[in-house]
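Secondary and tertiary structure notes
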Amino acid sequence: MRETTRCRHAIDSGDFPGAVALLKDLAKPLCDRGEAHTFVGLVERIPPHLRADDIELALRTGEAWTELAQWQRAALCYERAHRLAERAGRADERARVLTAQGVLSWYRGDIPGAGRLLEAARRLLADTDEEHRDWDELREGLALVHSGQGRLDEAEGLLRRQLRVFQRRADAEGQRHVLANTALLVALRRGDFDNAGALLREAVDIARQHGLRLGLARTHNCLAFVLNWSGQHAEALDHAQWALRHSGSPPVSHIVGFAQYNRAVALLHQGDTEAAHDACLRSLRELDSGCSSLLGADVLMAQAQAESSRSLLSAARTARSAVDVARMQQDLWTLAVHLVAYAGLADPAAARAALEEAGTLLERYGDPHQLLRWRLAAASLAHTEGDRAALGEHVGHLLTQMCHYPGLTASITERLGVLLPAAIEHGSAPLPLPGPLGTAWAQAFAPLAADLLASPDERVREWAVRALGRQREAWAYELLAGHRDPTARIRGMAAEAISDAGHQPLPEIGLRCLGGSEVRLSGVLVLPERWGSLHAQLILFRLAHTGGATRDELIELLWPDEDPARTEARLRTTIRILRSALRPAWHPRADYITHRAGRYGLSSGVQVTSDVQRFEHWIDHARRQEGAPRWQSCEQAVACYRGPFLPDWRQEWAHRERERLTGRWLWALEEHGSALLAADRAEEAEERARQVIAVDELRERAWRVLLHALDRQGRRAEAVRSYRQLQELLHDLLGTAPAPATRRLAGRLTG
């Protein structure tokens, strides 16, 4: 950086006042680039008495030491800045310093102390316009404190308010940063990984549109982190690799260290422990160059998990080191999380002590999401030690709280598969029954419930029937209706639980037509063996798409070359099969098919959803829009399109629909590719163009997008070769030349 060179020259020539002036402006860009160590190195070359009375420089130096996780040095800088601000009678400067001290206290795990300091700063700024820049860091600091105290709604509200301020200022980096913080809050504290992923993808788009290269890499790292927590390790690995490729030149060490950590976690869960261990070591090397000791503790924990497949003793020692790092930094939340993980590697006595300490910390921290993970670990330990009372207590808490944390679905239900039957068999008192679980929990709980229904223990089966009966959902009725219990009493309980299902509205039909065919009733898949005839399935798709059909139209659809008089009986049989396939065992009076005035149709009031409906909605929306809303709708349409319409059917109607929908998809790809080019996202635009050409190599607009994208990436020779390929295609297949617009573009490429 040119300013860094000028600052070094000023110091070398003895111009210390000039160097101080430069350093005030250098702090933020150097810290943003991961070069805080460079900044503090320059500061320490200035004689102490020449920088002792400068509030701004003391504050900036404290921020740099905070970035380097050197808490004691940062605290000394902030204390000096606060004394100077008090002596000068500067309320605004005092507020800035108090805010920085509050954020530092939060990093050190002193949540009450951080709250007091930030509230003092807020009182000093009470009469200041809330869009003044001194409020920016204060709001984020207060959000961190509220989060640590379990006041999640207040924390999220402050971040959302700060986001609106940045939006009004058109501060893209501020928007990206707050969106990432909000995403981490809703992911780690609420367990809402879907919402967190959406926020981070919005932050990625902002960073990409405004050319925030390092901001983009940081956000990809956050997204990889959240995806790892939610169990989507393959996608997390992709985002971590992206962050590594775009970590700056020279690479910013803390971005590389964080990305290697995310790689390690993803590889670990994919079973590649050797590569995960190597990524941990790479991450620690980067962090040792001065980034974040707290992240280093997380890496040590990931390394311990990778080592556990080799030596449990080595893994426990590494995990112990991670716990010690977190304790040294006084970061209570990180310490508690690591203690819970350490308990899974330690011997029972050490595990008990670790869990007791973690429970105390988490209660103080007020983090219900992590308390749920703590319950899992405590229940596992109780099961190992045969402590029936503790096992029942912890599993009971899990059952009453689990529906509030869909992000933990996979990890909780996997462990409950072992813990719950043991708690039911050994518990002296009945466990609480879970209330309505919601979609995410239902998908994970259904296989667990099926296993419980197959248990040889009568108490376990009875508990499962009672739990399913409380759900009042299709998936639960499906399990109960298919259960044939050897005990008459439990069979009666199951029959009673589904007795009112026949009086409820018809379950919703969900159709998947793009890239395959699938029918669901209220989310429950109609299994292939229920379809005695594929013709019955095709009739359903036709009725759902066209609103109804006559007998002759259906016969023409299924048997176009046969005598209609001979096929009438076959049609009636196929309709009966369709009615039977759509009639759930738990809803014996369900009838989705009507026949009125010579037309077959779906029963009035039944709700039908399909991927084709969603795809066409976004296409129609895109055609009515311009600018950003248009290409965003195209992006949604492309995401909905998972393949050709009913690819396994060869009927004329299915073929016509397939051609029509493929054409609309190609249009959306071209529109999206053009928009990506306009946003200077040439690599993605190239990908969209190649998708179109792979399906229809004669679409010239897609070729033009490809040529532009290759040119933007500096691959001009490849662009010229692609143009010549297009010339040959058009000449050989159509006997024509490229359009004038394409020829003009080629002329610029070769000119």
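Everything discussed here concerns the structure shown above.
This is a predicted model, so every value here is computed, not measured. (Residues numbered from 1 in each chain as written. Predicted model: local features only at pLDDT ≥ 70, side-chain atom pairs only at ≥ 80, totals over all residues. Heavy atoms only, no water.)

Right, let's talk about the overall build of the chain for a bit. What the chain contains, in helices and strands, is 37 helices and 7 strands. By principal-axis analysis of the C-alpha atoms, the chain measures approximately 105 × 85 × 55 Å. When the 751 residues of the chain are sorted by exposure, 53% land in the buried category. In the chain, the share of contacts with a sequence separation of at least 24, taken over all contacts with a separation of at least 6, comes to 61%. Surface summary for the chain: the accessible area is close to 34,100 Å², and the carbon and sulfur share equals 49%. Charged side chains of the chain number 95 positive and 99 negative; the gap between the two group centres comes to 2 Å. (Helix = DSSP H or I, 4+ residues; strand = E, 2+ residues; numbered from the N terminus. Buried < 20%, exposed > 50% of the residue type's maximum accessible area, 1.4 Å probe, protein only. Contact = heavy atoms within 4.5 Å. Areas by Shrake-Rupley, 256 points an atom, 1.4 Å probe, with all protein chains shown as cover. Lys, Arg positive; Asp, Glu negative; His and termini not counted. Charge placed at Lys NZ, Arg CZ, Asp CG, Glu CD.)

The next point concerns the pattern of salt bridges. Two side chains of opposite charge can pair, provided their charged atoms sit close to one another. Throughout the structure, instances matching the rule amount to 41 salt bridges. A salt bridge links Asp457 to Arg459; its shortest N-O distance comes to 3.1 Å. Look at Asp457 and you get buried, because its relative accessible area is 15%. Note that Glu562 is salt-bridged to Arg570, the shortest N-O span being 2.8 Å. (Salt bridge = Lys/Arg side-chain N within 4 Å of Asp/Glu carboxyl O.)

This next bit is on the nonpolar core. Judged by nonpolar contacts, the single largest core of 74 residues is most densely connected at Ile509, Val519, Trp531, Leu540, Leu582, Ile593 and Phe615. Not counting the four nearest positions on each side in its chain, Phe615 is found in contact with Leu514, Ala637, Cys640, Tyr641, Leu661, Arg664 and Trp665. In this structure, Leu420, Ala423, Leu468 and Trp475 belong to the second largest nonpolar core, which totals 44 residues. (Core = buried A, V, L, I, M, F, W, Y, C linked by side-chain atoms within 4.5 Å.)

With burial as the criterion, only one face of strand β2 (residues 518-521) is covered, namely that bearing Val519 and Leu521; the residues Glu518 and Arg520 on the opposite face remain uncovered. Judged from the 4 bridges that link them, strand β1 (residues 509-512) and β2 form a sheet pairing that is antiparallel. Counterpart to Leu511 in the pairing with β2 is Val519. A loop of 2 residues connects β2 with strand β3 (residues 524-525), the two strands running antiparallel in sequence, and Ser522 in this loop sits at a positive phi of about 50 degrees. (Pairing = 2+ DSSP bridges.)

So, about the side chain of Asp298. Considering the arrangement of structural elements, one finds Asp298 in helix α17 (residues 293-307). For Asp298, a relative accessible area of 19% translates into the label buried. Once you skip the residues sitting within four places of it in the chain, Asp298 turns out to touch Tyr261, Thr334 and His338.

Next up on the list: the environment of Leu669. Relative to the assigned elements, Leu669 resides in helix α33 (residues 652-678). For Leu669, a relative accessible area of 1% puts it in the buried group. Taking the C-alpha atoms as reference, Leu669 lies 7.2 Å from Ala689; in sequence the two are 20 residues apart. The contacts of Leu669, once residues within four sequence positions are left out, are Val638, Arg688, Gln691 and Val692.

A few words now on the packing of helix α29 (residues 551-558) against helix α30 (residues 564-581). Here α29 crosses α30 at 95 degrees, and the two axes come no closer than 10 Å. Taken together, α29 and α30 sit at an angle that is classed as roughly perpendicular. On α30, the residues that touch Arg551, Leu554 and Ile555 of α29 are Pro564, Thr567, Glu568 and Leu571. Here the contact of α29 with α30 is composed, by residue class, of 4 nonpolar, 1 polar and 2 charged. (Axes fitted to C-alpha atoms, helices over the stretch in contact; angles between N-to-C directions. Parallel < 35°, antiparallel > 145°, perpendicular 65-115°, else oblique. Nonpolar A, V, L, I, M, F, W, Y, C, P; charged D, E, K, R; others polar.)

Before going further, it helps to examine the sheet that holds β2. The 4 strands lie next to each other as β3-β2-β1-β7, forming an open sheet whose pairing is mixed. With partners counted over all chains shown, the strands left at the sheet margins are β3 and β7 (608-610), one partner each. Note that β2 and β3 share 2 bridges and pair antiparallel. Following the sheet pairing, Arg520 is matched in β3 by Leu525. Set on the sheet, helix α28 (residues 534-546) makes contact with β1, β2 and β7; between it and β1 the angle comes to about 105 degrees. Packing against the sheet, helix α31 (residues 611-624) makes contact with β1 and β7, and its axis sits at approximately 65 degrees to β7.

With antiparallel pairing, the 3 strands of this open sheet are ordered in space as β4-β6-β5. In this open sheet, the two strands that pair with only one neighbour each are β4 (549-550) and β5 (593-596). Where β5 and strand β6 (residues 599-602) come together, 4 bridges link them in antiparallel fashion. The residue bridging His595 from the neighbouring strand is Tyr600, located in β6. Running at roughly 140 degrees to β5, α30 makes contact with β5 and β6 of the sheet.

What follows deals with helix α3 (residues 36-43). Counting along an α-helix, one turn takes 3.6 residues, and residues three or four places apart therefore face a common direction. Counting buried positions along α3 yields 6 of 8 residues, so the element is predominantly enclosed. Considered for burial, the residues of α3 that qualify are Ala36, Thr38, Phe39, Val40, Leu42 and Val43.

Turning next to a nonpolar patch on the surface. Together, Leu698, Leu733 and Leu734 make up a nonpolar patch on the protein surface, roughly 260 Å² of accessible area in all. Checked against the element boundaries, Leu734 lands in the loop between α36 (716-733) and α37 (740-750). (Patch = residues over 30% accessible without salt bridge, like charges linked within 9 Å, V, L, I, M, F, W, Y side chains within 5 Å.)

Between the first and last C-alpha of helix α35 (residues 700-712) there are 18 Å, a value that for 13 residues agrees with the 18 Å anticipated at 1.5 Å per step. Buried within α35 we find Glu700, Ala702, Trp703, Val705, Leu706, Leu707, Ala709 and Leu710. One or two positions beyond α35, positive phi appears at Gly714, with a value near 80 degrees. (Expected span 1.5 Å × (residues − 1).)

For the rest of this paragraph, the subject is unusual backbone geometry. The phi dihedral of Ala170 is positive, around 60 degrees, even though this residue is not glycine. You can see Ala170 is positioned in the loop between α10 (152-169) and α11 (172-189). Notably, Ala597 is not glycine yet its phi reads approximately 50 degrees, a positive angle. Among the structural elements, Ala597 can be located in the loop between β5 and β6. Residue classification places Ala597 among the exposed positions, given a relative accessible area of 85%.

Enumeration over the complete set of coordinates arrives at 8 aromatic pairs. Centre to centre, the rings of Phe225 and Tyr261 are 6.3 Å apart; their planes meet at 40 degrees, and the pair counts as tilted. Of this pair, Phe225 sits in helix α13 (residues 213-229) while Tyr261 sits in helix α15 (residues 253-269); the two residues are 36 residues apart in sequence, bridging distant segments of the chain. Of the residues examined, Tyr261 reaches a relative accessible area of 8% and is grouped as buried. Ring geometry for Phe645 against Trp653: centres 5.7 Å apart, planes inclined by 85 degrees, an arrangement best described as edge-to-face. (Phe/Tyr/Trp six-rings, centres within 6.5 Å; stacked < 30°, edge-to-face > 60°.)

Let us look at the state of the cysteines. In total, this model carries 0 disulfides according to the counting rule given. Cysteine Cys634 remains unbridged, with the sulfur of Cys640 as its closest cysteine sulfur at 12 Å. Using a relative accessible area of 0% as the deciding quantity, one classes Cys634 as buried. (Disulfide = S-S within 2.5 Å.)

Let us look at the packing of helix α25 (residues 458-469) against helix α27 (residues 488-497). Close contact between α25 and α27 brings their axes to 9 Å; oriented N to C, the two are set at 5 degrees. Compared by their axis directions, α25 and α27 come out roughly parallel. Where α25 approaches α27, its residues Glu458, Arg461, Glu462, Val465, Arg466 and Gly469 are matched on the opposing element by Arg489, Ile490, Met493, Ala494 and Ala497. Class assignment of the residues belonging to the contact of α25 with α27 gives a composition of 5 nonpolar, 1 polar and 5 charged.

The quantities given are spatial measurements derived from coordinates; they are silent on function.
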